[in-house]
Amino acid sequence: MSARVCVVGSVNADLTFTVDRLPRPGQTVLASALDTAPGGKGGNQAVAAARAGAAVQLVAALGTDPAADGLRAHLAANAVGLDGIETVPGPSGSAAILVDAGAENCIVVAPGANAHLSLNSAAVRDVVADSDVVLLSLEIPLETALVAARVGRAAGATVILNASPTPPDISALAAVVDVVVVNETESDAWLDGERALVDHLVITRGARGARHLGGNRTDYPAPAVEAVDTTGAGDVFAGVLAAHWTRGVDYALPRACAAGSLATLVHGAGDCAPYSEAVEDVLDAP
Ligand code: RIB
């Protein structure tokens, strides 16, 4: 049976500039391409989990601007349930993304509606509670993420936090989540020496795959690919991990690593998640 995954996070309209080199402070560079596409860590994770085969609901906030309709349509087209979508007056979230010739990026997010996401509605809290896994990220108010974690835990769900962007203080989050997914460069905050501060710490290591700390330390490799754009790869990793978490770490981690690698072969974030067949093909390859 498919896991029920509730993603609580942001949805953005992404504006992506393709550049040879990321500009230095004060520098102006010309882009060779400009693309608009759906994004936001929550939306990207929800699409990735759905393509991995999970039954997905997204709790997120959209604005009342023209972008909201396109974002809603993209999520619905990817079988993401929209029962937990709140509409707030004003603009939806948006992001300016620069991607360089080496597939690296830098991103600035204007939160828009995401800054107003709350779990004040009992109906929305029910959406969170009606899940096996709750996946959180932090382009939404910290208080909302904390409420979602508590609601999910109280209902018996596993709570996974993709700790991005980096929170100012991790102590409140560490107390209410079961699994943290974090970039290698930001992982120290979640460690006390060699010991993880949560039951499961998953450290993403780019092309080297991921490390799981949870009693033991286990490294999972990522398949080698020629990346063209790493934007959204971390979201795909987290979404696929959430989709498969109930089947065990040794099942979920290889699939998350493979999906994250495949995501870098596609430009843009919202549509870069592979379907489960492609992931299995990679894992089956000799
Ligand atoms: O992780 C990539 C995402 O970060 C983009 O889609 C952008 O919207 C920001 O949320």
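Residues numbered from 1 in each chain as written. Predicted model: local features only at pLDDT ≥ 70, side-chain atom pairs only at ≥ 80, totals over all residues. Heavy atoms only, no water.

The name recorded for the chain in an unreviewed UniProt entry is Ribokinase, from Mycolicibacterium parafortuitum. Of the chain, the UniProt comment under Catalytic activity (unreviewed entry) reads exactly: "D-ribose + ATP = D-ribose 5-phosphate + ADP + H(+)". UniProt lists a comment for the chain under the heading Sequence similarities (unreviewed entry), and it reads "Belongs to the carbohydrate kinase PfkB family. Ribokinase subfamily." (UniProt positions renumbered as here; feature names shortened; annotations may be inferred.)

Caption draft 1: Region of interest: the UniProt feature "binding site: K(+)" (unreviewed entry) in the chain. In this numbering, the UniProt entry assigns the feature "binding site: K(+)" (unreviewed entry) to Asp229, Thr231, Ala263, Val266 and Gly268. Annotated residues spanning 40 residues; largest pairwise C-alpha distance 9.1 Å, indicating a single compact cluster. Its location among the elements puts Val266 in the loop between helix 7 (249-263) and helix 8 (276-284). Filtering out sequence-adjacent residues up to four positions away, Val266 remains in contact with Val228, Asp229, Asp271 and Cys272. (Helix = DSSP H or I, 4+ residues; strand = E, 2+ residues; numbered from the N terminus. Contact = heavy atoms within 4.5 Å.)

Caption draft 2: Fine view of the site of the ligand. Neighbouring the ligand are 13 residues; Asn12, Asp14, Lys41, Glu139 and Asp235 lie closest to it. Considered on its own, the ligand offers 280 Å² of accessible surface; in the complex 97% of this is hidden by protein. Among the elements of the structure, strand 2 (12-18), helix 1 (41-51) and strand 7 (105-110) are those that each provide at least two residues to the shell around the ligand. When its residues are assigned to classes, the shell around the ligand shows four nonpolar, five polar and four charged. (Near = heavy atom within 4 Å. Areas by Shrake-Rupley, 256 points an atom, 1.4 Å probe, with all protein chains shown as cover. Nonpolar A, V, L, I, M, F, W, Y, C, P; charged D, E, K, R; others polar.)

Caption draft 3: Local environment of the nonpolar core. Core analysis: the biggest nonpolar cluster contains 50 residues, and Val56, Leu58, Phe237 and Leu241 have the highest contact counts within it. Considering each element in turn, this core owes the most residues, nine residues, to helix 7. Not counting residues within four places of it along the chain, the set of residues in contact with Leu241 comprises Val181, Val202, Ala252, Leu253 and Ala256. Counting residues in each nonpolar core, the second largest holds 37 residues, with Leu119, Leu138, Val159 and Val176 among its members. (Core = buried A, V, L, I, M, F, W, Y, C linked by side-chain atoms within 4.5 Å. Buried < 20%, exposed > 50% of the residue type's maximum accessible area, 1.4 Å probe, protein only.)

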